[in-house]
Amino acid sequence: MRIYVSQSSTPAPWRSSSARVSFSSLCVKSLFVLSLTATLGIAQTPNSPKKPLSPEVMAVHQLAKRPIATPTFPVQTAATLQVDSSFNSAQGPGPGPRGSGPGCDLFPAPASTGAAVGLSYFGPPPSTVNPSLVGPVQLLNSGKVDALNGTITLPLYKGTLKGTKKNIWYTLTDVSDQGIANELGLNFSAKLGFAENAARTGTLDLNGNIVFDKGTVDFSPTRNIVPGPAGQEFPPKSFAPGAVGDKNYSPFVTITNAGNVVYNAPMIAFNVDANQINFPNGNVDYSKVHDQVVAIDTTNMTVTINLINGFSFGRPVWYISMEASIPLAAAIEHNTYAPLMGSLLLGNDDSFASPIERIFIATNGPEEGGCDNPLRQGLSADLADGFRPNNTLGGIPTIALDYSPAWDANLYTWTDDAISKGYRGQLREEFQILTFVKDGLLTGPGGAAFGSAGFSINCPIVQRLD
């Protein structure tokens, strides 16, 4: 018999937009003990398979098609921003993926490195013939990737909140229908079709913009984290996310007037006019705009977003991080706390009706030397130097069929015995991590059983680097 647990029992302080929450017993209970959801689960009504969309329904979705977005102005990118001692209280995206040193820049070396011939000798990568072969491969194709600065510029949409004149500025990254994904240049995720219980509802208007039934975000809170002691920065002593959604907010939206297709539509800004958030050159006001935004152009309707380093089955990838289902993760990720995401069924990766894919996050990976350390990885490293933790993703398009932008966080901790024997390193592949768990080198946080940590992160994949 399966037991279902509702996340509505989450203690109220997790949903506070202003209080800095003490990590102590509350965090341990809400984050680590919730790893039990790997076996308990959260109630969800399974979705029946959807019929192919009719040409009439497809025509409604085609209204949302926009030209491939490119930046109109040079911007101050996250890659060029200085990282100082205040990075754990900084607003905005944090450093970009092209950091200084091999521990913070996963961009592959050119094929000519060490060869007796120049780069011009080499032909195009095999991915131009078959995207599953050696890359690079851009997966989110509605915008332009800036490989030098580590950003992507996407179309910006202006929707509304039903029954009001309040603007909802958003972008589109993923969709549950393959045909629409091909048409709009989005990521296809069949699993999004099973995320409807954690999705808002909305309709497409005659301009291809979404009228959302509910869900708002307050972007004005000040992000702040107080890390733990040196060498044990995670878990932090306290934390506060920089953007907080109401109880009805999730980036996922079911389009009720066009086949109940589910989009991933992260909110960029809310209840502001175009002139209040027009920052085409950068220098964004993060009290009004999502923290991962590097530039936003409300004249040309584009938004430039910071990219983040990671791995999928040994290959370096870039993705964006937009929402998380708990405040702690939102604070660390520089993204939006989205309470409705807490309704996602976790711990059931790749089973029938699963809406999620797993992401593997080290708590105490190598951090000595910061970005100079090629093995650098994990949350303590992130809180120690401000750069991202080099997480390991599960399946992504071109590598697997089970991609979802809703990532079920599986936190792992190196055991003291593994560390003392010098085994701790950078892990880049899902089954390598699972094997190390089986071998006793890794556990869940605090020695708990390994599994779902009870929260999820909305991280659309953008590009496979090789």
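Cut-offs and rules
- Numbering of residues starts from 1 in every chain and runs along the sequence as written.
- Local features in a predicted model are, by the rule used here, given only for residues with pLDDT of at least 70; side-chain atom pairs are given and counted only at 80 or more, and totals for whole chains, interfaces and linings are based on all residues.
- Only hydrogens and water are removed before side-chain values are computed, so all heavy atoms of the structure are retained for them.
- Two strands qualify as a pair provided that DSSP identifies no fewer than 2 bridges between them.
- Numbering of helices and strands runs from the N terminus; a helix is a DSSP stretch of H or I covering at least four residues, while a strand is a stretch of E covering at least two.
- In this description, a line fitted to the C-alpha atoms serves as the axis of each element, helices being fitted only across the stretch in contact, and the angle between N-to-C directions of two axes falls anywhere from 0 to 180 degrees.
- Whenever two N or O atoms come within 3.5 Å, that pair is a polar contact, provided that in protein one can donate a hydrogen and the other can accept it, and provided that, for residues adjacent in sequence, both atoms are side-chain atoms.
- Think of it in three bands: with a 1.4 Å probe and only protein chains considered, a residue is buried below 20% of the maximum accessible area for its type, exposed above 50%, and partly exposed in between.
- Cysteine sulfur pairs qualify as disulfides if the two atoms are within 2.5 Å.
- Two rings from Phe, Tyr or Trp (for Trp, the six-membered ring) form a pair when their centres are within 6.5 Å of each other. A pair whose planes differ by under 30 degrees is stacked, one over 60 is edge-to-face, and the rest are tilted.
- Consider the ring centre and the ring normal. A charge sits over the ring if Lys NZ or Arg CZ is within 6 Å of that centre and within 35 degrees of that normal.
- Throughout, a residue-residue contact means that at least one pair of heavy atoms, one from each residue, lies within 4.5 Å.
- Criterion for a salt bridge: a side-chain nitrogen of Lys or Arg within 4 Å of a carboxyl oxygen of Asp or Glu.

1. Comments concerning the sheet that holds strand 4 (residues 151–155)
Strand order in this open sheet of four strands is 3-4-19-18, and the pairing throughout is antiparallel. Each edge of the open sheet is held by one strand with a lone partner, namely strand 3 (144–146) and strand 18 (293–297). Strand-to-strand, the axes of this sheet are offset by a mean angle of 20°, without reference to chain direction. In this structure, strand 18 lies alongside strand 19 (residues 302–306), joined through four bridges in antiparallel fashion.

2. A few points about the environment of Asp385
Along the chain, the position of Asp385 falls in helix 6 (residues 379–385). In this structure, the C-alpha to C-alpha distance between Asp385 and Gly369, residues 16 residues apart in sequence, is 9.5 Å. In this structure the side chain of Asp385 is engaged in a polar contact, spanning 2.8 Å, whose partner is the side chain of Arg376. Looking at Asp385, its side chain comes within polar contact range of the main-chain nitrogen of Phe387, at 2.9 Å.

3. Some remarks on unusual backbone geometry
For residues besides glycine, phi is generally negative; the peptide bonds are generally trans as well. Here the bond from Gly135 into Pro136 is cis, since omega is 15°, no more than 30 degrees from zero. Tracing the sequence through the fold places Pro136 in the loop between helix 3 (55–62) and strand 2 (137–138). A cis geometry characterises the amide bond from Phe234 onward to Pro235, with omega recorded as 5°. Tracing the backbone through its elements, the reader meets Pro235 in the loop between strand 12 (224–226) and strand 13 (238–240). Its identity is not glycine, yet Asn260 carries a phi of approximately 55°, on the positive side. Looking at the element boundaries, Asn260 is found in the loop between strand 15 (252–255) and strand 16 (261–264). Residues other than glycine seldom take positive phi values, yet Thr398 does so here, at roughly 85°. Classification of Thr398 as partly exposed rests on a relative accessible area of 27%.

4. A look at the pairing of strand 9 (residues 200–204)
The alternating pattern of strand 9 places Arg200, Gly202 and Leu204 on a buried face, while none of Thr201 and Thr203, on the opposite face, is buried. By the bridge criterion, three bridges tie strand 9 to strand 15 in an arrangement that is parallel. Following the sheet pairing, Thr201 is matched in strand 15 by Thr254. Direction of pairing for strand 9 relative to strand 10 (residues 210–212): antiparallel, over a ladder of three bridges. Each residue of the ladder has a partner; that of Thr203, found in strand 10, is Val211. Connecting strand 9 to the antiparallel partner strand 10 that follows it, the hairpin turn spans five residues, and Gly208 within it adopts a positive phi of roughly 80°.

5. Topic: the sheet that holds strand 16
Pairing is mixed across the open sheet formed by nine strands, whose spatial order is 8-7-16-15-9-10-5-6-17. Each having just a single partner strand, strand 8 (187–188) and strand 17 (267–270) make up the two edges of the open sheet. Pairing of strand 15 with strand 16, which is carried by four bridges, proceeds in the antiparallel orientation. Each residue of the ladder has a partner; that of Ile255, found in strand 16, is Val261.

6. Here we look at the state of the cysteines
Under the definition given, this model contains one disulfide. Here Cys104 engages in a disulfide with Cys371; their sulfurs sit 1.9 Å apart. With the S-S bond torsion at -85°, the cross-link from Cys104 to Cys371 turns out left-handed. Taken together, the positions of Cys104 in the loop between helix 3 and strand 2 and Cys371 in the loop between strand 24 (357–362) and helix 6 put the pair 267 residues apart, joining distant regions of the chain. By relative accessible area, which is 3% here, Cys104 ends up buried.

7. Examining the packing of aromatic side chains
What describes a pair of aromatic rings is the distance from one ring centre to the other and the angle between the planes of the rings. Tallied over the entire structure, the rule returns nine aromatic pairs. Each member of the aromatic cluster is reached from another via a ring pair, and the members are Tyr157, Tyr170 and Phe212. Seen from the ring of Phe107, Arg98 lies directly overhead, with NZ or CZ sitting 4.2 Å from the centre.

8. Some remarks on the side chain of Asp349
Take Asp349: it is sitting in the loop between strand 23 (336–337) and strand 24. Within polar-contact distance, the side chain of Asp349 engages the side chain of Lys191 at 3.3 Å. One polar contact links Asp349 to Arg358, side chain to side chain, over a distance of 3.1 Å. Once you skip the residues sitting within four places of it in the chain, Asp349 turns out to touch Lys191, Ser354, Ile356, Glu357, Arg358 and Glu430.

9. Things to note about the pattern of salt bridges
Pairs may arise between side chains of opposite charge once their charged atoms sit close together. One pass over the full model with this rule turns up 15 salt bridges. The partner of Lys162 in a salt bridge is Asp213, and the shortest N-O contact between them spans 4.0 Å. Here Lys162, found in the loop between strand 5 (157–161) and strand 6 (167–170), pairs with Asp213, found in the loop between strand 10 and strand 11 (217–218); they are 51 residues apart in sequence, far enough to count as distant. Residue classification places Asp213 among the partly exposed positions, given a relative accessible area of 30%. Between Lys438 and Asp439 there is a salt bridge, with the nearest N and O atoms lying 3.3 Å from each other. On the accessibility criterion, Asp439 (45% relative accessible area) is partly exposed. Residues joined in a network through salt bridges with shared partners are Lys191, Asp349, Asp350, Glu357, Arg358 and Glu430.

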